[in-house]
Amino acid sequence: MSEITHSQFPETTSEDPMGDLVNAQDRFVKQPLPGTGTEGPAPAPISPIPAQIPPMPAEPPQAPEPSVVDEWAIPEDPEGDAPLRPSWTRSLEGVQARRKYAQRQAARRARRWVRRQSGPHGALPRAGRGVKRTHDWIAGTEGIAAQAAGEHARIAAVEARQTARKARMAVLDRKAKHKAAEKQAEVLAEATKNWEKARGTARRGRLLRGSAVYAPVLGGLATAYAEFGTSGLAAGLSTVFLAATFPGRRYDGDKEWSEQMEARVLDPGMTPAAFGRMLQDALEEDLGVKVASVRVLGHAWGFEAGVQLFKAKPADVTAKLDDLEACLVARPGSILIQQSSQARPLFTLRALGKDPWKGMAGLPYRSPRSQKVAEDIPVGRCLTQAPLALPLLRTNGVLIGGPGSGKSTALLDIAEALTACEDVAVWDIDLGSSGAGLDPMGAAIQRRATSKAAAKIVLEDALAIAKGRPRLFKKLGMGRNWQPSPTHPALVLLIDEYPALVAAGLFPLVSEIIRTGRKSAVNVLMAAQGASKDFLGAADPASVPLRIALPCQGQDVTRLMGAGAIAEGWAAHRLQPAEGNEPRDASVCYIKSGRHAEPIPYRFAWLDDEDAEQRAMERKMAGLPQLDAESLRVAGIEELAALPDTIETWAPAEDELTEDGEYADPAPELPLPELPAAALAVLQDHDGPAMESKEILAALQQKDPETYGELSVVGLGRALSSFGATARSFGRGRAVYLSDMVQAAADYRAKGA
């Protein structure tokens, strides 16, 4: 063992595992400090080791020992060190300050409570919500099912009564209508049976849950009145009132209002929460798509659900949209899907009610020259009742919609908006229906072309103006684009039945105007029944800034809105066109432009013909905007030529009036042959400008099977061709145009006269 030296703190030599701890305690507590006098005189200082002693052999350097933590020190503890007696109780001033503080807090709580009574968090509203929720719990899901079954039975009864009345009054096809009435009677019997069964189940559940709620309440009130009289009854009623506020403490805000609204939208008893559960179950169980979350809001027009899918995309749901409508028992075309721009798995699903456009107002009145083309001019409404305003300045557009889609209504609204502007000149071209679509606003349109020769003149003049106006930009200080004004108006061409213009070979002029007319504020808005080349010729609808899709085919949606448009929610192909006197989804559309980038349904407002004619005459009397002389001069047009088919104002001759100034009875018209007359009537009843021969034949055989039952398509075509109405190109086939039949009828009567 090496020699032990005595220093100020002796080293420990214990071999015990706890030696370090023991000796450390002794060193800290028991070892006397030198020089204190408690254990004798202090030891003499140790002299240093002489230099002649050889040094110890060098050892490898060792790491410094870690510092020893003082385990006996007491850390700070605010909670444990705080005295049990608060500081404010140790003085009279503290007690008084505490009393004033408590009084102020009590006064605040009282004022808040009083103010809260007039709001939704008051005692009475809370008690009302509690009673309502208690009654809803007592009714249970069985009551909701019984209410829905009763409504279904009522609807079935109405339909059965209607079909029975049709069967009794039927003249044609009585057998089929009687079968339909019998089938509807069976449906009514089944619906009534289901309603009676659901009502019995609901009564049993209501009785069980009602006894569990009302029996203790009524028993307690009776006992309190028997024991303590009126005071006991009052105390019991107060207790019941306070107990009723407990289930009504939660206020859902707009959610309760939306639930009340939705009870009248899709199905009686249906709430946003219930629809959310149905939607999630349908997506996961029936469509096989995993759902991460569903959030449903109620609106006056239906439900709006924000859905987030799990490892799936909305296109998986769009591909099975018909199956989803079947699972939700929704009417065809009432489920709409919109892809979210934030993330691929997110989309918005809208479930439309029976009449989502209910309460939509007509087109507002606009006085002559009260608008500007650069302003937002409302022509309809969005599904959310927000106004629809189209970009009409320096914007080319195309409307696509099949028969009964409401193209005429849309064009009439747009024409009404443009003719109300002080800085727009409007021209119209219609080779398919002889200008019938815009006839109500015809007085406010400067030039109207209904023949090939007239259309060619109009298009050539518009193209010349479009190419000549850029030379005036610098002279008139307009910058890089034509700035419309009352003295230098813009020019808009409305082209209805564009396929007829394509068949006439004039579409190259339209394409040239679209290519060169934007800067000159010479624009085209064309309407067609399809978006294929058969309808639009060489024009590419996807290159037009403003694209409006009314009820049409799926291929038209893809060509108009772009590849993948249907998966993103552009669902114009699911809209239902008008049928007979039922408007259905006519004039409902999807719009894609700079400001309309989301697939949301819009609807053009209704404008009746009488109102449109009155507005047109007012604007004509106030003076229509005229093209400026500078534009005509640079276009090489000395004066706008009269069109070959310009419609002139008719005035009766003297021999057509009686002595009193009244119109004399017109001479009877020469009757047409039976087959052409019947075909003309069918074409006039049809919404489109033309019909195929097989469609005309089917309509004739349905009206009079005895007369036209043995008539063939070839025979009909020959008869109409000999009459003067030969079938022409229409879309991908050939059809008979209404305008041709009208002209042939006029020629026939003229020859007979």
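Quick summary incoming for the structure in this document. Numbers given to residues run from 1 along each chain, matching the order in which its sequence is written. Note on the predicted model: pLDDT of at least 70 is required for a residue's local features to be given, and 80 or more for side-chain atom pairs to be given and counted; whole-chain, interface and lining totals, by contrast, use all residues. In computing side-chain values, all of the structure's heavy atoms are included and hydrogens and water are not.

## What about the packing of aromatic side chains?
Here is step 1: Between the rings of Phe, Tyr and Trp (Trp by its six-membered ring), a pair exists once the centres lie within 6.5 Å; its type follows the angle of the planes, with under 30 degrees stacked, over 60 edge-to-face, and the other angles tilted. Under the counting rule described, the total for this entry stands at four aromatic pairs.
Here is step 2: Ring geometry for Phe723 versus Tyr748: centroids 5.7 Å apart, planes at 45 degrees, classification tilted. One end of the pair, Phe723, is in helix H23 (residues 713-723); the other, Tyr748, is in helix H24 (residues 738-752), with 25 residues separating them in the sequence.
Here is step 3: Buried residues are those whose accessible area, probed at 1.4 Å on protein chains only, stays under 20% of the maximum for their type, while exposed residues exceed 50% and partly exposed ones sit between those limits. The buried category is assigned to Phe723, whose relative accessible area is 12%.
Here is step 4: Judged by its relative accessible area of 32%, Tyr748 is partly exposed. Every helix listed is a DSSP run of H or I at least four residues long, and every strand listed is a run of E at least two residues long, numbered separately from the N terminus.

## Re a negative patch on the surface
Here is step 1: Patch membership requires over 30% relative accessible area and the absence of a salt bridge. Like charges are linked within 9 Å, and nonpolar side chains (Val, Leu, Ile, Met, Phe, Trp, Tyr) within 5 Å. Residue-level accessible areas treat just the shown protein chains as cover; the underlying method is Shrake-Rupley with a 1.4 Å probe. A pair is scored as a salt bridge if a Lys or Arg side-chain nitrogen falls within 4 Å of a carboxyl oxygen belonging to Asp or Glu. For the charge count, each Lys or Arg is scored as positive and each Asp or Glu as negative, with His and the chain ends excluded. Note that the charge is assigned to NZ on lysines, CZ on arginines, CG on aspartates and CD on glutamates. A surface patch of like charges, here negative, comprises Asp281, Glu284, Glu285, Asp286 and Asp323.
Here is step 2: Relative to the elements of secondary structure, Asp281 occurs in helix H7 (residues 272-286).

## What to know about unusual backbone geometry
Here is step 1: A positive phi is found at Arg369, a non-glycine position, where the angle reads about 55 degrees.
Here is step 2: Here Arg369 lies in the loop between strand E4 (346-352) and strand E5 (378-382).
Here is step 3: Of note, Ser587 is a non-glycine position whose phi angle comes to about 70 degrees, a positive value.
Here is step 4: Classification of Ser587 as buried rests on a relative accessible area of 7%.

## Here's the deal with the sheet that holds strand E2 (residues 302-309)
Here is step 1: DSSP bridges decide pairing: two strands pair if at least two such bridges lie between them. Strand order in the open sheet formed by four strands is E1-E2-E4-E3, with antiparallel pairing between adjacent strands. Edge positions in the sheet fall to strand E1 (291-299) and strand E3 (335-339), since each has one partner strand and no second. Direction aside, neighbouring strands of the sheet carry axes that sit 20 degrees apart on average.
Here is step 2: Pairing of E3 with E4 involves five bridges; the strand directions are antiparallel. Residue pairing across strands places Ile335 opposite Ala351, the latter belonging to E4.
Here is step 3: Pairs of residues are marked as contacts when any of their non-hydrogen atoms sit within 4.5 Å. Simply put, an axis is a line fit to the C-alpha atoms, just over the touching stretch for a helix, and the angle between two N-to-C directions goes from 0 to 180 degrees. With respect to the sheet, H7 is in contact with E1, E2 and E4, its orientation differing from that of E1 by roughly 145 degrees.

## Section: the pattern of salt bridges
Here is step 1: Per the stated rule, a full pass over the model turns up 20 salt bridges.
Here is step 2: Arg515 is paired through a salt bridge with Glu512; the nearest N and O atoms lie 2.4 Å apart. Of this pair, Arg515 and Glu512 both sit in helix H14 (residues 507-516), separated by three residues, roughly a single helical turn.
Here is step 3: For Glu692, the salt bridge goes to Lys694, with nearest N and O atoms at 3.8 Å.

## What to know about the packing of helix H11 (residues 452-468) against H14
Here is step 1: Between H11 and H14, the least distance of the axes is 10 Å, while the angle of their chain directions is 20 degrees. Judged by the inter-axis angle, H11 sits roughly parallel to H14. Two packed elements cross with a definite hand, and for H11 against H14 that hand is left-handed. Between H11 and H14, the residues in contact are Lys456, Leu459, Glu460, Ala462, Leu463, Ala466 and Lys467 and Leu509, Val510, Glu512, Ile513 and Thr516, respectively. An angle counts as roughly parallel when it lies under 35 degrees, as roughly antiparallel when it exceeds 145, as roughly perpendicular when it falls between 65 and 115, and as oblique in every other case. In this scheme the handedness of a crossing depends on how the near helix is turned from the far one: anticlockwise by less than a right angle means left-handed, clockwise means right-handed.

## Quick notes on the sheet that holds strand E6 (residues 387-389)
Here is step 1: Taken in spatial order, the 10 strands make up an open sheet running E6-E5-E14-E13-E12-E7-E11-E10-E8-E9, and their pairing is mixed. Sheet topology places E6 and strand E9 (447-449) at the edges, where each strand pairs with a single neighbour. Taken over all neighbouring pairs, the strand axes of this sheet differ in orientation by 25 degrees on average, direction set aside.
Here is step 2: Alignment of strand E12 (residues 546-549) against strand E13 (residues 588-592), held across three bridges, turns out to be antiparallel. Looking at the pairing, Ala549 lines up with Tyr590 of E13.
Here is step 3: In the packing of H14 onto the sheet, the strands contacted are strand E10 (490-496) and strand E11 (522-528), and the crossing angle to E11 comes to about 135 degrees.
Here is step 4: Where helix H16 (residues 554-561) meets the sheet, its contacts fall on strand E7 (397-400), E12 and E13, and the angle it forms with E12 comes to roughly 165 degrees.

## Description of a positive patch on the surface
Here is step 1: Positive charge collects at one region of the surface, where Arg99, Lys100, Arg104, Arg108, Arg109, Arg111, Arg112, Arg115 and Arg116 lie side by side.
Here is step 2: Mapped onto the elements, Arg108 comes out in helix H3 (residues 92-116).

## Quick notes on the state of the cysteines
Any covalent bond linking the sulfur atoms of two cysteines counts as a disulfide.
Here is step 1: Note on terminology: disulfide denotes any pair of cysteine sulfur atoms within 2.5 Å. All chains considered together, the criterion is met by zero disulfides.
Here is step 2: There is no disulfide at Cys589, and the cysteine sulfur nearest it, in Cys382, is 9.9 Å away.

## Brief notes about the packing of helix H20 (residues 674-685) against helix H21 (residues 693-703)
Here is step 1: In the contact formed by H20 and H21, the axes pass within 10 Å of each other and the chain directions differ by 105 degrees. Taken together, the axis directions place H20 and H21 in an arrangement best described as roughly perpendicular. The segment H20 lies against H21, with Leu675, Ala678, Ala679, Val682, Leu683 and Asp685 engaging Ile696, Ala699, Leu700 and Lys703.
Here is step 2: Of the residues assigned to the contact of H20 with H21, the class counts are eight nonpolar, no polar and two charged. Lys, Arg, Asp and Glu make up the charged group, whereas Ala, Val, Leu, Ile, Met, Phe, Trp, Tyr, Cys and Pro make up the nonpolar group; the residues left over, Gly among them, are polar.

Structural measurements only, silent on function.
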